[in-house]
Amino acid sequence: MMNDKAAPFDAAPVIQIQGLLKAYGSVEVLKGVSLTAPRGHVVSLIGSSGSGKSTLLRCCNLLENSQAGDIAFDGEPVRWKGQGAARVPADRAQMMRFRTNLSMVFQQFNLWSHMTILQNVMEAPLTVLREDRAAVESRARALLDKVGIADKCDAWPAQLSGGQQQRAAIARALCMQPKALLFDEPTSALDPELQQEVVRVIKDLAAEHRTMIIVTHDMRLAADVSDHVVFLHQGLIAEEGPPDRLFGAPQTDRLRQFLSASAAH
Ligand SMILES: Nc1ncnc2c1ncn2[C@@H]1O[C@H](COP(=O)(O)OP(=O)(O)OP(=O)(O)O)[C@@H](O)[C@H]1O
Ligand SMILES: [Mg+2]
């Protein structure tokens with residue numbers, strides 16, 4: 001099933017990555033990757049384990065340094081200082097501003113265990129953005145309602161199922177009012193039935209035209225929500241395009257092999 005949302009194709013890029021190179025020591029993990037997420041579009045990143053998907057997401061929100069290539073948010077390029085292995089963002093204020101505009105959702109939820117669900121969702125807007133508590137609280141409660149766990153505000157993370165914890169993590173990401181959301185395998189730590197509750201939330205976000213990059217091993221999710229699918233293979237984009245073409249008529253042997261191996265699981 002394809003999504004029927006019509007995101008504008010001339011939408012300005014929220015995230016633009018050009019020729020990104022990333023190595024850990026002598027191991028090259030990203031070998032020149034370019035990726036664009038236009039406003040309101042959903043880009044899925046697929047590929048075998050170790051192909052560099054998580055590394056690309058972490059470089060994108062500047063949690064990891066890359067050695068060459070450009071990254072821009074809303075048309076504003078990251079300013080770097082130094083070269084190669086010594087390259088780092090030059091402007092800490094710019095880095096923090098970019099990072100707060102990109103919220104990340106992880107496979108393992110990463111909720112703070114010593115805070116209630118409501119406190120988890122409110123924490124970053126209060127401490128990082130220094131927003132007014134009452135405004136943050138009403139937004140946090142509305143988001144928990146939106147993801148279907150309004151009744152869990154005062155519960156602790158350990159009292160929630162995995163699917164509920166992941167929905168809380170999505171509410172927490174949204175509460176920062178980011179310009180884009182980055183998901184790293186948001187459903188792969190969950191049992192199949194719990195995956196569906198999270199998939200439903202992600203589909204709702206796609207229907208609202210949120211800008212998202214989603215790393216996933218769930219090909220059905222990628223086919224259903226994406227405007228564009230990128231297949232990463234050994235640190236390079238081996239194939240990319242609209243989901244119906246990538247899944248319906250893959251052009252490369254690599255992608256065909258990957259899809260048949262994924263279908264077998
Ligand atoms: N901190 C690190 N130090 C050294 N090598 C690393 C580090 N993080 C990742 N790598 C290596 O980089 C490569 C890409 O890893 P990455 O986690 O990006 O893959 P992935 O596509 O997300 O895989 P998976 O589907 O298993 O999550 C792997 O070979 C991995 O071993
Ligand atoms: Mg990964």
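Residues numbered from 1 in each chain as written. Chains lettered and ligands numbered in written order. Predicted model: local features only at pLDDT ≥ 70, side-chain atom pairs only at ≥ 80, totals over all residues. Heavy atoms only, no water.

As annotated in an unreviewed UniProt entry, the protein chain carries the name Amino acid ABC transporter ATP-binding protein, PAAT family and comes from Paracoccus sediminis. Per UniProt, the comment on the protein chain under Subcellular location (unreviewed entry) is "Cell membrane". (UniProt positions renumbered as here; feature names shortened; annotations may be inferred.)

Counting its secondary structure elements, the protein chain contains 9 helices and 12 strands. By the compact-globule yardstick of 18 Å for 265 residues, the protein chain fits well, its C-alpha radius of gyration being 18 Å. When its C-alpha atoms are laid out on the principal axes, the protein chain stretches across 50 × 45 × 35 Å. The 265 residues of the protein chain split such that 52% are buried. (Helix = DSSP H or I, 4+ residues; strand = E, 2+ residues; numbered from the N terminus. Rg over C-alpha atoms; globule rule 2.2 N^0.38 Å. Buried < 20%, exposed > 50% of the residue type's maximum accessible area, 1.4 Å probe, protein only.)

What follows deals with the sheet that holds strand β4 (residues 68-73). Reading across from one edge, β2-β1-β4-β5 is the order of the 4 strands in this open sheet, with antiparallel pairing throughout. The open sheet has two edge strands with one neighbour each: β2 (27-38) and β5 (76-77). Taken together, the 2 bridges between β4 and β5 define a ladder with antiparallel strand orientation. Residue pairing for β5: Phe73 is matched across the bridge by Glu76. Lying on the sheet, helix α1 (residues 53-60) is in contact with β1 (13-24), β2 and β4; it crosses β1 at an angle near 120 degrees. (Pairing = 2+ DSSP bridges. Contact = heavy atoms within 4.5 Å. Axes fitted to C-alpha atoms, helices over the stretch in contact; angles between N-to-C directions.)

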